[in-house]
Amino acid sequence: MSILRTLQERFRPALLTLVDPVDELLGMIRPAQDPQFGDYQANVAMPLGKRLGHPPRDVAQQLVARLAVDDFCAPPTVAGPGFINLRLRDEWLSGQLQRLLADPRLGIPQVAVPRTYVIDYSSPNVAKPMHVGHIRSTVIGDALYRLLQFVGHRVISDNHLGDWGTQFGMIIYGYKHFLDTAQYRAHPVSELGRLYKLVRQLIDYHAAVRELPQAEQRLAEAVRRHHAVRGGADQAPRDKQRAAALREATAAVAEAEAQCGALRATRAEVEQDPTVREVASRHAGVEEAVLQETARLHAGDAENVALWQAFLPHCAEDIRRIYQRLDVRFDHALGESFYHGRLPGVVDSLLQRGLARESHGAVCVFLPQFETPMIIRKKDGAFLYATTDLATIEHRMETWHPDAILYVVDHRQSEHFDKLFAAARLWGYEQVELRHISFGTVLGEDGRPYRTRSGAVVGLEGLLDEAIRRAYHVVATNDDSKPGGPELSEAERQTVARVVGHAAIKYADLAHNRTSDYVFSYDKMVALDGNTATYMQYSYARTQSIFQRGQIDVAALRARQPEIVLAEPTERDLALELLQFGDALDKTLEDFRPNVLTAYLFSLATRFSRFYQQCDVLRAPSERVRESRLALCDLAGRTIARGLALLGIGVVERM
Ligand code: ARG
């Protein structure tokens, strides 16, 4: 059930007596800012009055007279310039809650018209270490998958693995030149990882050596410009224009310095190590050679294809472990390699229809709204990321006929997707909704993309292990401080820490507005209070401990469906929040923003905590009130657990 939708349905006919269309106005009904004015508030009369040329208060009065909401609201009132305030009837609230007790879906209906969604998420480049950015795609995508499915849509998840790119050329090159056979036999994944890193390092080294002279020249120029702007005098410039120019010049020096610094560090890393240095000098042409190995793989060269086939299961095993830990599953994992055979056909089709043409030897799709075209075949015949994505759309449309395809990919790829969607529409895919569900960067506490101290991007497993270690500390400290002494065995503490640690990482990714960057902080994410998974799990465990202490048979309680008494303000607040779960899910899916749901759960847990502080449950003043409060605890616990489950997060019975 969604209160908001019910209200909108009731407002619709009343509004239609005054204007048409009304959808935009219906969007102006909201939960009240200040509970003193009621539970919901409709601000429609102000814009409507303007449009009709009537005083908004009169419009509001007219609407109220035509509004049929008596069955669930107290008589609506008009306040101020024309706000319509609505207060839900207590009897209605209790009746609804009573019904929820016996409903495993907690009142959430299935959509009337299910759509088919394909969600493309996680999609790491295998054979490269997966990092913290991929976790965000995986976690957000998985939550959307669960949410859309729960409300009744047909959802297909497809992990668009990067299993065909240059990184394989790199490993093949590494395999042919640097393989440690014994290591490969004993620990294939880590040996392949080592080969990848080594070849990457060699390529970066030669690039740094090549680029450094230019970078140093740029730095020298920036310094010269800075001197020129500053002039001879050391005192601060007086006029604004010069101050701005000086700031700009200073920033340019800093940037050029940073670039040089990075290149020098890359160079030094190799040159400080005589063995690597010697290897690097013997492999000066590594970059070109890697491209050739990749091209050979793509052309079907028997040796390279055999190597690729041998590597792939090891790479898959590596990411499978992470998915298992994160409790994420995919319906399909059709990687880039799956589409290889289709790529010439894609290019031909676009050429034939006059949508693509040759330009300087490459084949391009020219898109009117973009400055640069989308290249779909390079001069040397190689296909691109975009070509594969076009083939992928074709395949998904043929196979699943989706109404929408969602791509959960970080914001740096937004131009790629803008172009891809424009090209796909030209190509004839006009009906399907194509959406880039973009997300921001995970930052370290220094405000730069999250990295470990040594500078290498943090391996995902290490990240999860560290979260568990921190969670263990929080769980153990909390347990040790219990008034009656610790309750958890060592084994239990460890199990709880695993659930809590994994949850903390996921929740931090979900609770931040997906389009913003956010600062990764272990301490914040496992905190027992605040908007964290830990707090939510703790609230859930609290409801369970009430039942345990009171030896309550919860199934029997639900079956009895006791009357819900809303005498105390905190009881009513909790009741209203519980019934807003449907509103929260609607709003979450409106723009695919899991942080809307986490905000709701946080508000619910907070209200539960206030209720629990104010109202005795097990020692309630009467049996009738005790039953009602137990029912509220049950609903709070179930709503929290369900909400977390929809985000892919588990709970524990005690902690
Ligand atoms: N493999 C890409 C990366 O790691 C992401 C792929 C996203 N999905 C897509 N259909 N392009 O950057």
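Since we're looking at a predicted model, the values are computed, not measured.

What counts, and at which threshold
Residues numbered from 1 in each chain as written. Predicted model: local features only at pLDDT ≥ 70, side-chain atom pairs only at ≥ 80, totals over all residues. Heavy atoms only, no water. Helix = DSSP H or I, 4+ residues; strand = E, 2+ residues; numbered from the N terminus. Buried < 20%, exposed > 50% of the residue type's maximum accessible area, 1.4 Å probe, protein only. Contact = heavy atoms within 4.5 Å. Areas by Shrake-Rupley, 256 points an atom, 1.4 Å probe, with all protein chains shown as cover. Lys, Arg positive; Asp, Glu negative; His and termini not counted. Charge placed at Lys NZ, Arg CZ, Asp CG, Glu CD. 1 Å grid on protein atoms, 1.4 Å probe; cavity = no way out; pocket = protein on both sides within 12 Å on 5 of 7 lines; lining within 4 Å. Points joined across faces, edges and corners; volume = space filled by probe spheres on them. Nonpolar A, V, L, I, M, F, W, Y, C, P; charged D, E, K, R; others polar. Near = heavy atom within 4 Å. Polar contact = N/O pair within 3.5 Å; in protein donor to acceptor, adjacent residues only side chain to side chain. Phe/Tyr/Trp six-rings, centres within 6.5 Å; stacked < 30°, edge-to-face > 60°. Axes fitted to C-alpha atoms, helices over the stretch in contact; angles between N-to-C directions. Parallel < 35°, antiparallel > 145°, perpendicular 65-115°, else oblique. Left-handed = near helix turned anticlockwise from the far one by under 90°. Pairing = 2+ DSSP bridges. Salt bridge = Lys/Arg side-chain N within 4 Å of Asp/Glu carboxyl O. Expected span 1.5 Å × (residues − 1).

### A few points about the overall build of the protein
No. 1: Within the protein one finds 25 helices and 13 strands.
No. 2: Counting only C-alpha atoms and orienting by the principal axes, one finds that the protein spans roughly 85 × 70 × 70 Å.
No. 3: When the 655 residues of the protein are sorted by exposure, 50% land in the buried category.
No. 4: In the protein, the share of contacts with a sequence separation of at least 24, taken over all contacts with a separation of at least 6, comes to 73%.
No. 5: Carbon and sulfur atoms provide 51% of the accessible area of the protein, an area that totals close to 31,100 Å².
No. 6: The distance from the centre of the 78 positive side-chain charges to the centre of the 83 negative ones in the protein is 2 Å.

### Thoughts on the layout of surface pockets
No. 1: In this structure, the second largest pocket occupies an estimated 1,200 Å³ of space.
No. 2: Along the walls of the second largest pocket sit 44 residues, with Leu 4, Pro 31, Asp 583, Ala 584 and Lys 587 positioned nearest its centre.
No. 3: The element best represented in the lining of the second largest pocket is helix H23 (residues 581–590), accounting for eight residues.
No. 4: In terms of residue class, the lining of the second largest pocket is built from 22 nonpolar, 10 polar and 12 charged.

### Some details on the site of the ligand
No. 1: Close to the ligand lie Asp 120, Ser 123, Asn 125, His 134, His 160, Tyr 385, Asp 389, Tyr 407, Val 409, Gln 413 and Phe 417.
No. 2: Tyr 385 places a polar side-chain atom, nitrogen or oxygen, 2.8 Å from a nitrogen atom of the ligand.
No. 3: Contact distances for the ligand include 2.9 Å between an oxygen atom and a side-chain N or O atom of Gln 413.
No. 4: Burial of the ligand by the protein chains amounts to 90% of its free accessible area of 350 Å².
No. 5: Mapped by element, the contributors of at least two residues to the shell around the ligand are helix H15 (385–400) and strand S10 (404–410).
No. 6: Looking at the shell around the ligand, its residues break down into four nonpolar, five polar and two charged.

### Quick word on empty space enclosed by the protein
No. 1: If you walk through the whole model with that rule in mind, you get one cavity of 30 Å³ or more.
No. 2: Of the pockets and cavities examined, the largest cavity occupies roughly 50 Å³.
No. 3: Within the residue set of the lining of the largest cavity, elements represented by two or more residues are helix H22 (569–579) and H23.
No. 4: Of the residues in the lining of the largest cavity, the class split is seven nonpolar, three polar and no charged.

### Re the packing of aromatic side chains
No. 1: Under the counting rule described, the total for this entry stands at 20 aromatic pairs.
No. 2: For the ring pair Trp 427 and Tyr 429, a centre distance of 5.6 Å and an interplane angle of 80° mean the geometry is edge-to-face. We note that Trp 427, like Tyr 429, is buried.
No. 3: Taking the centre distance of 4.5 Å and the plane angle of 50° together, the rings of Tyr 450 and Phe 520 count as tilted. On the criterion of sequence distance, the pair formed by Tyr 450 in the loop between strand S12 (442–443) and helix H17 (460–480) and Phe 520 in the loop between strand S13 (518–519) and helix H19 (522–525) is long-range, its members being 70 residues apart.
No. 4: Assessed through its relative accessible area of 14%, Tyr 450 is described here as buried.
No. 5: An aromatic cluster is present here, built from Tyr 121, Tyr 323 and Phe 330 joined pairwise through their rings.

### Re the packing of helix H9 (residues 188–230) against helix H10 (residues 240–271)
No. 1: Two elements in contact, H9 and H10, have axes separated by 7 Å at closest approach and are oriented at 155°. When the interaxial angle is binned, H9 and H10 end up roughly antiparallel. When you trace H9 past H10, the crossing you get is left-handed.

### Things to note about the sheet that holds strand S7 (residues 356–359)
No. 1: Spatially, three strands are ordered S7-S8-S9 in an open sheet, and the strand pairing comes out antiparallel. The sheet is open, and its two edges are formed by S7 and strand S9 (374–377), each paired on a single side. In this sheet, adjacent strand axes meet at a mean angle of 40° when their direction is disregarded.
No. 2: Note: strand S8 (residues 362–365) against S9, three bridges, orientation antiparallel. Counterpart to Cys 364 in the pairing with S9 is Ile 375.

### A few points about the sheet that holds strand S3 (residues 77–79)
No. 1: The sheet built from four strands is open, its strands ordered S1-S2-S4-S3 with antiparallel pairing. The sheet terminates laterally at strand S1 (29–31) and S3, the two strands that pair on one side only. Taking the axes of each pair of neighbouring strands and ignoring which way they run, one obtains an average angle of 30° across the sheet.
No. 2: Relative to S3, helix H4 (residues 56–66) is tilted by about 170°, and along the sheet it contacts S3 and strand S4 (83–86).

### Quick notes on the pattern of salt bridges
No. 1: In this structure the tally under the stated criterion is 48 salt bridges.
No. 2: Across the pair Arg 200 and Asp 204 runs a salt bridge, and its minimum N-O distance is 3.2 Å. Taken together, the residues span about one helical turn, with Arg 200 and Asp 204 both in helix H9 at a distance of four residues.
No. 3: Residue classification places Arg 200 among the partly exposed residues on the basis of a relative accessible area of 31%.
No. 4: In this structure Asp 204 comes out as partly exposed when scored by relative accessible area, which is 31%.
No. 5: Through salt bridges with shared partners, a single network forms among Glu 317, Asp 318, Arg 320, Arg 321, Arg 325, Glu 461 and Asp 465.

### Some points on helix H25 (residues 623–646)
No. 1: In a regular helix each residue adds 1.5 Å, so 24 residues correspond to 34 Å; H25 covers 34 Å between its end C-alpha atoms and thus fits that length.
No. 2: Across the 24 residues of H25, 20 count as buried, placing the element largely inside the fold.
No. 3: Once H25 finishes, Gly 648 follows within two positions and takes phi at roughly 80°, a positive value.

### As for the packing of helix H7 (residues 166–178) against H9
Each pair of packed helices can be described by the angle between their axes along with the distance between the axes.
No. 1: Running from N to C, H7 and H9 cross one another at 100°; their axes reach a closest spacing of 8 Å. As far as their axial angle goes, H9 and H7 are roughly perpendicular. Two secondary-structure elements touch here, H7 through Gln 167, Met 170, Ile 171, Tyr 173, Gly 174, Tyr 175 and Phe 178 and H9 through Glu 191, Leu 192, Arg 194, Leu 195, Tyr 196, Leu 198, Val 199, Arg 200, Leu 202 and Ile 203.

### Some thoughts on unusual backbone geometry
Most peptide bonds take the trans configuration, and most residues that are not glycine carry a negative phi.
No. 1: Asp 20 connects to Pro 21 through a cis peptide bond whose omega is -5°.
No. 2: As for its position among the elements, Pro 21 is in the loop between helix H1 (3–16) and helix H2 (23–26).
No. 3: Despite not being glycine, His 401 shows a phi value in the positive range, around 45°.
No. 4: Take His 401: it is sitting in the loop between H15 and S10.
No. 5: By relative accessible area, which is 56% here, His 401 ends up exposed.

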